[in-house]
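Here is how the chains run, residue by residue.
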Amino acid sequence: MLLTALPTELLCSIFSYLDFRDLETLIGIGPIKTITHDYLIEHSLFEYPATLLLLDFEALPANERCLQSTLEMTANAFFELLCSAVDPITNRFERGMKFGEYLGTLEQWVARRILSVESVETDYAALCLCIRHVYLERPALRMLHDPKYRRRSTKFPFAPFLPREYAYIWRQHCAEAVEMKYPWYRWRCSATTGDYHQDSPLAPLLSPQHRFITAHLCRRRRFARFFGSLFQVTSVYLESHLSGTFDEATREALVSGDVESMLIMCEAAGKASMDPEELMMIVALAEERLLSYIDLMGDLMSADPTPEQAARMNLASSGADGDTSHQQPPEWLMPSRYRIDTSNQLRLKVSVSGQSRS
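Not measured: the values here are computed from a predicted model.

Describing the overall build of the protein
Helix and strand counts for the protein stand at 17 helices and two strands. Contacts spanning at least 24 positions in sequence make up 67% of the contacts within the protein whose residues lie at least 6 apart. Just so you have it, the protein exposes about 20500 Å², and 56% of that area is on carbon and sulfur atoms.

So, in structure tokens, the structure goes:
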């Protein structure tokens, strides 16, 4: 590689144009590992030391990672790093923004580890909850993050490792579940040629497609277990927000048909006792709220429209706005977003009954 042939001064100059994720990749290259490590120690106030701290946590034996003393020690060490990184910033609002940026970096780094490493999701979830608990119990930390936290509404609470920070990954997995729905049912092995063809009720167990699908399912289930664990209520300050996010995640999974991941999430969240009808009611109630909201907005627009609304209604009634009349409505207004397919309802009931028997 060309980088390994460069002198140290030029290499460090190139490093100054790279972000942490690029440098994190370069540290795995043997010939420049020491140079990259030294550069990160000097120039990375938080990302690299925090990464090393969490890698040390990950390297512990499983029976040590789950100890409360280990979790608290790691959480406290993390906040010591974070405070030392933001303390030099004098402006309190800039300091709060940097605090939030570093928290976001940590949240995304943990997500990458959950998706790429097996058998660590439960311990990482416990660590994330411990970090959140330490944060909520220390007003000084909350002041560093949000100088106005004492007057802030709980509608959008500030705290690390809230499920909302990972909702986009959950939505991605639900969308992928639609595309990969039972793909192992779509292959048939020819008895004469040995080739695989589509439309078979059995999957080729040793095919690359089957291995890819299996790995993908394992990754989705790991994330579901981690994601569900984050719904533990560590403060009344978060309670209503967590419930709302849980309902959204459940609705997304039921509508897309990712029933298996949803049940894993429910079990990790301590809601495994919910029956199928109760889960499906979450989707029905969301549809009722949407229709009620649409009716209310329609009444308000008819009674007292704004100038912009009046102009749009006039254009629509005259047919002059033909282009916009054919535009696709936003996804959250689509009726399909509030309908559970019959097959998904059946799979949910069968899965729940199978769990109760076991």
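Quick word on helix H13 (residues 259-268)
Counting buried positions over the ten residues of H13 gives seven, a clear majority of the element. Every buried residue of H13 is listed here: Val259, Ser261, Met262, Leu263, Ile264, Met265 and Cys266. Phi turns positive, to about 75°, at Gly270, one or two residues after H13.

A word on unusual backbone geometry
One non-glycine residue, Ser119, lies in positive phi territory at about 65°. One can find Ser119 in the loop between helix H7 (92-116) and helix H8 (121-137). Residue Ser119 is classed as exposed on the basis of its relative accessible area, which comes to 59%. Within the chain, Phe161 stands out as a residue other than glycine whose phi angle is a positive 60°. Position of Phe161 among the secondary structure elements: in the loop between helix H9 (139-145) and helix H10 (167-179). Residue class for Phe161 comes out buried when judged on its relative accessible area of 1%.

A few points about the confidence of the model for the protein
Here the protein averages 81 in pLDDT, while 84% of its residues score no lower than 70. Predicted confidence in the protein is weakest over strand E1 (residues 188-189), with a mean pLDDT of 40, and strongest over helix H6 (residues 68-86), with 95. Counting contacts from residues 182-203, a segment whose pLDDT is below 50, to residues more than four positions away or on other chains yields 39 contacts.

Here we look at the packing of helix H12 (residues 236-256) against helix H14 (residues 276-303)
Viewed as axis vectors pointing N to C, H12 and H14 meet at an angle of 100°, and their least axial separation amounts to 9 Å. Taken together, the axis directions place H12 and H14 in an arrangement best described as roughly perpendicular. Facing Asp247, Thr250, Arg251, Leu254 and Val255 of H12, the residues of H14 in contact are Leu279, Met280, Ile282, Val283 and Ala286. Tallied by class, the residues present in the contact of H12 with H14 amount to seven nonpolar, one polar and two charged.

Concerning the packing of aromatic side chains
Inspection of the entire model under this criterion finds twelve aromatic pairs. Put simply, the rings of Tyr166, Trp170, Phe223, Phe226, Phe227, Phe231 and Phe246 pair up and form one aromatic cluster. Here the basic side chain of Lys271 rests over the ring of Phe246, its NZ or CZ set 4.9 Å away from the ring centre.

Re helix H3 (residues 33-43)
Along an α-helix, residues three or four positions apart point the same way, because every turn accommodates 3.6 residues. All buried positions along H3 are accounted for by Thr36, Tyr39 and Leu40. Buried residues in H3, looked at end-on, bunch into an arc of 95°, giving them a common side. Exposed residues on H3 whose side chains face more than 90 degrees from its buried face are Thr34 and Glu42. The inward-facing, buried residues of H3 contact helix H1 (8-15), helix H2 (20-26) and helix H4 (47-59).

Here we look at the packing of H7 against H8
Running from N to C, H7 and H8 point in directions that differ by 165°, and their axes come no closer than 10 Å. As far as their axial angle goes, H8 and H7 are roughly antiparallel. As H7 runs across H8, the sense of the crossing is left-handed. Between H7 and H8, the contacting residues are Phe99, Leu106, Trp109, Val110, Arg113 and Ile114 on the first element and Glu121, Tyr124, Cys128, Ile131 and Tyr135 on the second. Its residues assigned to classes, the contact of H7 with H8 comprises nine nonpolar, no polar and two charged.

What counts, and at which threshold
Residues numbered from 1 in each chain as written. Predicted model: local features only at pLDDT ≥ 70, side-chain atom pairs only at ≥ 80, totals over all residues. Heavy atoms only, no water. Helix = DSSP H or I, 4+ residues; strand = E, 2+ residues; numbered from the N terminus. Contact = heavy atoms within 4.5 Å. Areas by Shrake-Rupley, 256 points an atom, 1.4 Å probe, with all protein chains shown as cover. Buried < 20%, exposed > 50% of the residue type's maximum accessible area, 1.4 Å probe, protein only. pLDDT = per-residue confidence, 0-100. Axes fitted to C-alpha atoms, helices over the stretch in contact; angles between N-to-C directions. Parallel < 35°, antiparallel > 145°, perpendicular 65-115°, else oblique. Nonpolar A, V, L, I, M, F, W, Y, C, P; charged D, E, K, R; others polar. Phe/Tyr/Trp six-rings, centres within 6.5 Å; stacked < 30°, edge-to-face > 60°. Lys NZ or Arg CZ within 6 Å of the ring centre and 35° of its normal. Arc of directions from axis to C-beta. Left-handed = near helix turned anticlockwise from the far one by under 90°.

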